[in-house]
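Descriptive structure summary
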Amino acid sequence: MSFFTIANLAYLVSAALFVFGLKRLQSPKTARSGNVMAAVGMALAIIVTLLETNFANWQPILVGAVIGALAGSISARAVQMTAMPQMVGLFNGFGGGASALVAISEFMRLLSPDLVLTADSGVSIVLGTLIGGVTFSGSMIAFGKLQGWMTGAPITWPLQKAMNAILFIATLAIGTYVIWFDPTNTTLFLVIIGLALALGITSTIPIGGADMPVVISLLNSYSGLAAAAAGFVVDNRVLIISGSLVGASGLILTNIMCVGMNRSLANVLFGAVGTADVGAGGSVGAGEHAGTVQSIDADGAAVMLAYARSVIFVPGYGMAVAQAQHAVRELADVLKDRGVDVKYAIHPVAGRMPGHMNVLLAEANVPYDELYDMDDINDSFKNTSVAVVIGANDVVNPAARHDTSSPLYGMPILNVDEAEHIIVLKRSMRAGFAGVENELFFHPKTMMLFGDAKESVSKLVMEAKAA
Amino acid sequence: MPESLLNNLYIFILAMFTGFEVITKVPPLLHTPLMSGSNAISGISVVGALVITAAATGDTLILILGVVAVAMGMINVAGGFLVTDRMLEMFKERQQPAGGEEGGE
C-alpha cells in the first residue's frame, strides 16, 4: 500500500471523527467527549499531512504553527464568557483567512511558466478567495461591533444593497475573465481579493445589535464553505468533507435564527437586516403608551418573588452586558430554598449568538435542565406566578403577535404577558434594538424595576433572604 | 469536467447532507458550543495551508503567505477546540434528583 493510500485512509478516519464528534453534541452528556473526538481527528489530519509532505519547509511551518497555537489557546483561556460571541467571530475570521490564503497561494504557484491554471482549479481558486475573503473581513467587522470597537448600530447608506450586488457580480465577472482569458493576470487577481474583502465589510456593516446571531451563524457557514473551496483547490477530501459539515451547520443555525426573528434567509443575505424602520416605529409607540408604566422597588419585588409559587426568569442581552448571570443564579437558589419552582425561558435569538444565554447561565452553574427552549416553556407562563425579564426586550413584546404595523410583527415571542405578574428589570425606558416601544412595559400586570441588572438582582437576593 | 473534480463534488454534496442530518438534532442548549466546535473544524484549512507551505520551493512570497495561513488556521483550530471544551465543561445537570417535571433536553 502506498503512503498516498495510507494518508487518504487516515484522512477518512479524521472525517469520520468529525462526524461522530458533531453527533455527540446532540446531548450535553456526550458533548465534551465529542469535542475531544473532533480535536483528535484534527490532530490526525495535521500529522498525516506533515508526514505526506515529508516535513518539507518544517522550520517556517513550525514557527507559524506555534505562533497560531499559542495565540489561539491563550485567547481561548483568557476570554470571558460574555465576550464569547466576538471570540467565536474572531476565530471564524482566521479560519476564513487561512482558506483564502490557500487559494491565493495556489494561484501564485500556478503562475510559474511550466504550470497552467485549468478552468476547474481556477473556479475553485476564485471561489475560495471570494468566500474566504468575505469570511475574513466580515468576521473582523462583526468582532469590532461586538467588542464595541465600532458602533453596534447598523451603518447604512443609499443604494447599499445595489452596491453589494454590484461588488459580488463584479468579483465573479472578473474571476471568470481571469480564469478563461487571462490566467496570469496578477493585477486582476489582486482586484478580486480587494473586492472580496470589501464585500465582507459592506455586507456586514449594515447589520447591527440583536441581529448579530444571524450574522455570526452565517459567517460560520461561510468559513466552512471557504474550507471546502480550499479543499477543491488543493484536491484534499478531508477539507471538502469538514468544510461542508461546517457549512451545513452554519446554514442550519442561520435558518433557526431567521425563524426565531421571523425573517427570511433571503432577507438576511441581501443585507436588509437591522435596517427595518429603526426610530420611526419607536416614536409612534411612545406616543400611544406614555404615562402608564408602573415601577416597583427591590423590596416589593423581592416579596413578590419570595412568596411566589413559581418563577420563570427570561434573560436577554442586557443580562450579559451587566454580567448579572451569577447574581441571577444566587437569586434562584434563594427562591428554590424557599420552595419556589424556578425555571429559565430561553428565546432562540436572545443574546448575540445562538445559545448565548445557555452558555452564560451554565457558567453561573445553573443546571441545564432548568433551561427551557421557547417551545417547551411557552405554555407554562399562564400557570406561573411571576415572570422576571432580565435585559430582554423585543423577544417578549406582545406587539409581535397582533400589531401588523410593528417591525416585530410575526416574530415568535415568549408568552411572558400570560404570567400572573411580570417584573421587568431594565436600565431605563429606552426602546429595544428594533427601536420599538415594548407594550409589555405598559401592561397592567407589569412592574418595572429600574437600574443596572446586576445591582438590581443583588438587591433582590438580599431582600428575598430577609423576606 | 475531470473525474477528480466530479468525485469531489459528490463528496461535497453528500457531506453537506450528512452535516444537515447530524446537526439538525443538536438542541438549542448547545448551539454556542456547536458553533465554536464546528468553527474549530473549519480550521481544517490549516491542512491546505500545510500542503501549500511545504510545496513552496523557491518562492518566498508563497512561503510567507503559507506560513501566515498556517498561523491563522492554527489560531482557529487551537482556540476553537479549547474554548468549546471550556464551555462544555460548564454544562452540568441538577445535582439532587429533582421531583416533578424534567427538562426537555
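Chain B has the name proton-translocating NAD(P)(+) transhydrogenase in an unreviewed UniProt entry, where Candidatus Kutchimonas denitrificans is given as its organism. Per UniProt, chain B has the following entry under Catalytic activity (unreviewed entry): "NAD(+) + NADPH + H(+)(in) = NADH + NADP(+) + H(+)(out)".

Going by what an unreviewed UniProt entry lists, chain A is known as NAD(P) transhydrogenase subunit beta and is assigned to Candidatus Kutchimonas denitrificans. You can read under Subcellular location (unreviewed entry) in the UniProt record for chain A the words "Cell inner membrane". Turning to chain A, the UniProt record has this under Sequence similarities (unreviewed entry): "Belongs to the PNT beta subunit family."

1. Focus on the confidence of the model for chain A
Averaged over every residue, the pLDDT of chain A is 90; the share at 70 or more is 93%. Across residues 272-288 of chain A the pLDDT falls below 50, and counting only partners more than four positions away or on other chains, this stretch makes 24 contacts in the model.

2. Concerning the sheet that holds strand β2 (residues 341-346) of chain A
Residues and elements named next belong to chain A. Pairing is parallel in the open sheet, where 6 strands are placed in the order β3-β2-β1-β4-β5-β6. In the strand order of this sheet, the two ends are held by β3 (371-373) and β6 (446-450), each with one partner. Across the sheet, the mean angle from the axis of one strand to that of its neighbour is 25°, orientation sign disregarded. Helix α12 (residues 298-306) contacts β1 (310-315), β4 (386-390), β5 (421-426) and β6 of the sheet and is inclined by roughly 140° relative to β5.

3. Digging into the confidence of the model for chain B
The predicted structure's coordinates, where accompanied by low pLDDT, should not be read in detail. All names here are of chain B. When pLDDT is averaged across chain B, the result is 89; 90% of the residues are at 70 or more. Across residues 98-105 the pLDDT falls below 50, and counting only partners more than four positions away or on other chains, this stretch makes 13 contacts in the model. Under the prediction, the complex receives an ipTM of 0.90, its pTM being 0.90.

4. As for unusual backbone geometry
All names here are of chain A. One non-glycine residue with positive phi stands out, namely L159, at about 60°. With respect to the helices, strands and loops of the structure, L159 is situated in the loop between α5 (119-147) and α6 (160-181). Although it is not a glycine, N365 adopts a positive phi angle of roughly 70°. Relative to the assigned elements, N365 resides in the loop between α15 (356-363) and β3. On the accessibility criterion, N365 (45% relative accessible area) is partly exposed.

5. Describing the pattern of salt bridges
All names here are of chain A. A full pass over the atoms with the stated rule returns 12 salt bridges over all chains. Residue E420 is joined to R309 by a salt bridge in which the shortest nitrogen-to-oxygen separation is 2.8 Å. Residue E420 is found in the loop between α17 (399-402) and β5, and its partner R309 is found in the loop between α12 and β1; the two are separated by 111 residues along the sequence. Residue R309 is classed as partly exposed on the basis of its relative accessible area of 48%.

6. As for the interface of chain A and chain B
Residue-level contacts link 102 residues of chain A with 85 residues of chain B. The interface formed by chain A and chain B contains 4 salt bridges. In this structure, D85 of chain B engages R32 of chain A in a salt bridge whose closest nitrogen and oxygen atoms are separated by 2.9 Å. Taken together, chain A and chain B are joined by 21 residue pairs in polar contact (both at pLDDT 80 or more). Partitioned by chemical class, the residues of the side of chain A that touches chain B number 59 nonpolar, 28 polar and 15 charged.

7. Concerning helix α8 (residues 212-234) of chain A
Residue and element names in this part refer to chain A. Taking 1.5 Å per residue, 23 residues should reach 33 Å; α8 reaches 33 Å between its end C-alpha atoms and fits that length. Of all 23 residues that make up α8, 21 are buried, and the element is covered over most of its length. Downstream of α8 by a residue or two, D235 has a phi angle that is positive, lying close to 55°.

8. Some details on the packing of helix α4 (residues 84-109) of chain A against helix α4 (residues 60-90) of chain B
Orientation of α4 of chain A relative to α4 of chain B, taken along the N-to-C sense of each, is 155°, at an axis distance of 8 Å. With respect to their mutual orientation, α4 of chain A and α4 of chain B come out roughly antiparallel. For the crossing formed where α4 of chain A meets α4 of chain B, the hand is left-handed. When grouped by side-chain class, the residues that make up the contact of α4 of chain A with α4 of chain B number 16 nonpolar, 9 polar and 1 charged.

Rules used in this analysis
- Residues numbered from 1 in each chain as written.
- Chains lettered and ligands numbered in written order.
- Predicted model: local features only at pLDDT ≥ 70, side-chain atom pairs only at ≥ 80, totals over all residues.
- Heavy atoms only, no water.
- UniProt positions renumbered as here; feature names shortened; annotations may be inferred.
- pLDDT = per-residue confidence, 0-100.
- Contact = heavy atoms within 4.5 Å.
- Pairing = 2+ DSSP bridges.
- Helix = DSSP H or I, 4+ residues; strand = E, 2+ residues; numbered from the N terminus.
- Axes fitted to C-alpha atoms, helices over the stretch in contact; angles between N-to-C directions.
- Buried < 20%, exposed > 50% of the residue type's maximum accessible area, 1.4 Å probe, protein only.
- Salt bridge = Lys/Arg side-chain N within 4 Å of Asp/Glu carboxyl O.
- Polar contact = N/O pair within 3.5 Å; in protein donor to acceptor, adjacent residues only side chain to side chain.
- Nonpolar A, V, L, I, M, F, W, Y, C, P; charged D, E, K, R; others polar.
- Expected span 1.5 Å × (residues − 1).
- Parallel < 35°, antiparallel > 145°, perpendicular 65-115°, else oblique.
- Left-handed = near helix turned anticlockwise from the far one by under 90°.

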